[in-house]
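Structure at a glance
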Amino acid sequence: MPKSDIPKAYEARQYEDQIYAAWEKSGFFNPDNLSGDPYAIMMPPPNVTGILHLGHALENTLMDTMARFQRMRGKKVLLVPGTDHAALPTQAKVEKMLMEQGIKNPRQELGREALVEKIRDFAEQSKATILSQIRKMGTSCDWSRLAYTFDEKRSRAVNELFIRLYNDGLIYRGYRVVNWSVKGQSTCSDDEVEYIERTAKLYTFKYAKDFPIAISSTRPETKLGDTAVAVHPTDERYQKFVGQTFIVDVGAAKPLEIKIIADEHVDPQFGTGALGVTPAHSPIDFALYEKQKAKQDPIGLIPVIGTDGTMTEQAGDYAGLSVEAAREKFVAWLRREGLLEKEEEVRQEVGTSDRYGDVLEALPMTQWWLDVNKEIPGRNKSLRDLMREAVTTGLDGDSTQRVTITPDRFTKLYLDRIENLRDWCLSRQVWWGHRIPVWYCTGGKDGICLQDCRHPIASVQKPVECPACHSDKFKQDPDTLDTWFSSGSWTFSTLGWPEPTKDLQTFHPTDWMQMGYEILYLWLMRMILMSSYALGEIPFKEAYIHGILRDKDGKKFSKSSGNGIDPIEVIEQYGCDALRISLLIGISPGNDSRYFVEKIESGRNFTNKLWNIARFVIQSTDSSVILSASEGSRNTLADRWIRSRFATVIQEITDHLEKYEFSQAGEKLRDFTWNEFADWYLEISKVEQKNGMLLQILRELLVLWHPFMPFVTEVIWKQVGEGLLMVQPWPIADASLRDEQAEQDFTLVQQAITSIRNIRAEYKVEPKQLVNIQIQTMDDRAASVLMENVENIKKLSRVDAILPSTATPHNPSAIAVFGSITIHVSLPVDVASEKTRLQKAREEKQHYIEMTQTKLENDEFTSKAPARVVKEMKEKFAQAKNELSGIEHQMSVLDNHRAS
RNA sequence: GGGCGCAUAGCUCAGUUGGUUAGAGCGUCACAUUGACAUUGUGAAGGUCAGAGGUUCGACUCCUCUUGCGCCCACCA
């Protein structure tokens, strides 16, 4: 593009797709084409339940920024893209859609195969959308390694992992109370329960007139399945009943046998101090049931609610009723019988299904579980132990196998959770997902093994024969796996595990993982668990936890609030770079951030600023000079200053990025680019006629900006560099360019210019009108610095002439005082208002001087504070005194003038 | 019931081991529009750092308490 043809405004839309295509074509997204130390980031696979939202845009930006930074630093960077089949969530989503289309019960009406087919179609469609969105976001990921949690390779890993865990005895089938979604007809794990607060009625009643103890419940209908009443062992009111069994008839199929038991966990202060125990429909009560069993003092277990949410046959008079109807009927009966003692409103937390939304029922069922407490054969520790070690000592005490979590407070949350970790319910009754690789022998009558072996065989393929009865008839477990089971293996399944691949050897443990805190328990813990178990390695060295992106009012983005924003639309309108920079600036690790258009506009404006900086540099630079740029023809103060500042900035940006301080890195870089390079150095270059230096800084600036704003920088690079910017080396801060003196001197020049502009503005001097100034100072160095920069000062503050400092101004002038310097601006000043202005300035100075003086006179301060601090304070004190005397001197001049 | 986070300019947020006359972006006000950029430039106004104590020579920063908002966890049925 000829220089003169560079458009005035950067139109992102015109370049982004072609730039992305060029990157892809270059092959540099694939680490096989790079050299250096390996650096791997596995992109959290988005669920194929829909399209990406702004939160994903934030994640992509974080990862891509880090990937590009590391690639430019010479790392062999692997960024793996992928998607998650999201078993239950996706099925829930598709079922909902089908129901909206009029298919009342998709599972019944379509059957397993056809429904799975529908879900697959939907999943493929959203997968395609998601992948194109990831491209639009500029993500420099390796498409040749694209993965899907439900593809062949990942299925292989899932099965292998399951079978290993099963054969190690860590996965087992167990009967216990689970969370059951009636709507979803499936279990879910404790981590997928969402608690909501609501009001409920708490009923206090007795089972029968002659029953000695009253109990309370918000779910009286479940009491049809009660088998015990628990009281505190020391509760004098009830001690005498402990051990007795009462027979009561509450309308259940059979009269209930209620045993009075003692348990420490019962709170004597709450309600009546007695707890009606319903082992089948409360996890707590089920625990009591197990405990009693262990104590050889068993109590019964009567399921009165079925999987369809209605009362079972065991509920007798209530069989077939919904729980709500049963409750009503039961309460009416209590009332009629005069058994109801109290009825009160209470606030309570109920668990709901995070995907189906219905209130979960507690039902006793046989499900597959992962045992986190059992010792792993041959390893002398449990999965829980591994999970703990991974974030504390490192696995087996190996500190190189330790996960660092940023910010650190999440480490504590993680550890607290580990201490309370319970077995993980793995099986789901939905059809979309990895089928549990377990087979049951059906050789005998009624599909039961002839020998009644009850030992299912874990295998991907149908087993050849049953070891017990030698039958070859099997059926596979109908259930599927919790979707997090496959996501848990993501960091190594993506690298080819269980094959001993080169990728696995090269890139695992991966280097960096980012995720929102909302999936800390669901995902981070499972990845650590799986990886530690399967590979004996942590999944990643560093985990960066980010907050949730909210809307401008701080509300979560959600479909129900209707506040969703399509990142692709934002990109179309403002450009990907604008979106990226606005998402990064203003965030801090672990904390939520807000999104609003003004931020995007500000990002877009900056993109355009960078574009115009480049436009100016390109237009004002002879391209032939580019290559010999480094030899400075002249080395003015401005040159030394900008190089010194730039050396500092390069170091700061690098440090910030290494510490994942994206926001601070971006802000500092923007400040330098805009407020120092553009506002000062570029302006001075118009006076001093720069060329090489401008280009040199611009080129390095583009490198620094590239991880944040990959597109615009790459477009500009075409004009000023060779090859692709994305693989240019990251600049190394040259400490020898640091020049404290130049920075101090340049500050004087800036102050001179700024204070003249300030006076011009206050006195409303027309911008076109030039003024004369006079500079007075006793400091020879300052004087010579300013004189060296006379032309810059004249041009940037629109000064016509600088008068000799010895001359006495004939007329009162407006003055600016800084350090040892007083600048007089010749203006027809109004003596009174100038005096007011000076008085205000004087007061401020006096106040500061007083404050400083107090400190300096305090022996404790001078003796205890570090010498550096004291020295700085003294310098500032001296300077303030200087400035004050300048102001006072001028005030007296004004007084004299008025007098004369 | 336990735990965590947040509270700094009108708005959104920085502030890195305690030492600045507390910063930025947006917004506001004034002025500027033929040469990089109005998606701009120049200048200005705007904060007793939620409140109260404490530690310290020195606190936005550390400790305690209080208030308000948000989040997570928990077997008060």
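For the structure, check the block above.
A brief look at the structure comes next. These numbers come from a predicted model, not from an experiment.

As a further point, take the packing of aromatic side chains. Each aromatic ring pair is summarised here by two numbers: the centre-to-centre distance and the angle between the ring planes. Counted by the stated rule, this structure contains 35 aromatic pairs. Ring geometry for Phe557 and Tyr595: centres 6.5 Å apart, planes at 65 degrees, overall edge-to-face. A residue pair is termed long-range when its members are at least 10 positions apart, and Phe557 in the loop between strand S24 (549-550) and helix H14 (567-574) and Tyr595 in the loop between strand S25 (593-594) and helix H16 (597-619) qualify at 38 residues. For Tyr595, a relative accessible area of 7% translates into the label buried. Aromatic ring contacts, followed pair by pair, group Phe205, Tyr207, Phe211, Phe241, Phe246, Tyr318, Phe330 and Trp333 into a single cluster. The residue whose ring lies beneath Lys329 is Tyr318, and the NZ or CZ to ring-centre distance is 5.0 Å. The ring of Trp424 has Arg526 sitting right over it, with the charged end atom 4.0 Å from the ring centre.

Let us look at the protein's contact with RNA strand B. Residues in close proximity to RNA strand B total 56 residues, the closest being Phe270, Ser588, Asn612, Trp674 and Lys864. When the atoms of RNA strand B within 4 Å of the protein are grouped by moiety, sugar and phosphate amount to 60% of the total. At a separation of 2.6 Å, a phosphate oxygen of RNA strand B approaches a polar side-chain atom of Ser588. Here a base oxygen of RNA strand B sits 2.8 Å away from a polar atom, N or O, in the side chain of Lys609. Considering every element that reaches the surface near RNA strand B, the biggest residue donor is H16, with twelve residues.

Let us look at empty space enclosed by the protein. Taken as a whole and assessed by the stated rule, the structure comprises four cavities of 30 Å³ or more. For the second largest cavity, the calculated volume is near 40 Å³. Its residues placed into classes, the lining of the second largest cavity shows five nonpolar, two polar and one charged.

Right, let's get into the sheet that holds strand S12 (residues 274-277). For sheets, the rule is that strands pair by backbone hydrogen bonds, running either parallel or antiparallel. Strand order in the open sheet made by the four strands is S10-S11-S9-S12, with mixed pairing throughout. In this open sheet, the two strands that pair with only one neighbour each are strand S10 (245-248) and S12. Recorded for the sheet is a direction-independent mean angle of 25 degrees between the axes of neighbouring strands. Bridge analysis of strand S9 (residues 228-231) against S12 gives four bridges, and the strand direction is antiparallel. Along S12, the bridge assignment pairs Val231 with Ala274. Contacting S9, strand S11 (256-262) and S12, helix H6 (residues 283-294) runs over the sheet at an angle of about 85 degrees to S12.

Criteria and thresholds
- Residues numbered from 1 in each chain as written.
- Chains lettered and ligands numbered in written order.
- Predicted model: local features only at pLDDT ≥ 70, side-chain atom pairs only at ≥ 80, totals over all residues.
- Heavy atoms only, no water.
- Phe/Tyr/Trp six-rings, centres within 6.5 Å; stacked < 30°, edge-to-face > 60°.
- Helix = DSSP H or I, 4+ residues; strand = E, 2+ residues; numbered from the N terminus.
- Buried < 20%, exposed > 50% of the residue type's maximum accessible area, 1.4 Å probe, protein only.
- Lys NZ or Arg CZ within 6 Å of the ring centre and 35° of its normal.
- Near = heavy atom within 4 Å.
- Polar contact = N/O pair within 3.5 Å; in protein donor to acceptor, adjacent residues only side chain to side chain.
- 1 Å grid on protein atoms, 1.4 Å probe; cavity = no way out; pocket = protein on both sides within 12 Å on 5 of 7 lines; lining within 4 Å.
- Points joined across faces, edges and corners; volume = space filled by probe spheres on them.
- Nonpolar A, V, L, I, M, F, W, Y, C, P; charged D, E, K, R; others polar.
- Pairing = 2+ DSSP bridges.
- Axes fitted to C-alpha atoms, helices over the stretch in contact; angles between N-to-C directions.
- Contact = heavy atoms within 4.5 Å.

Read these as spatial facts, not as claims about activity.
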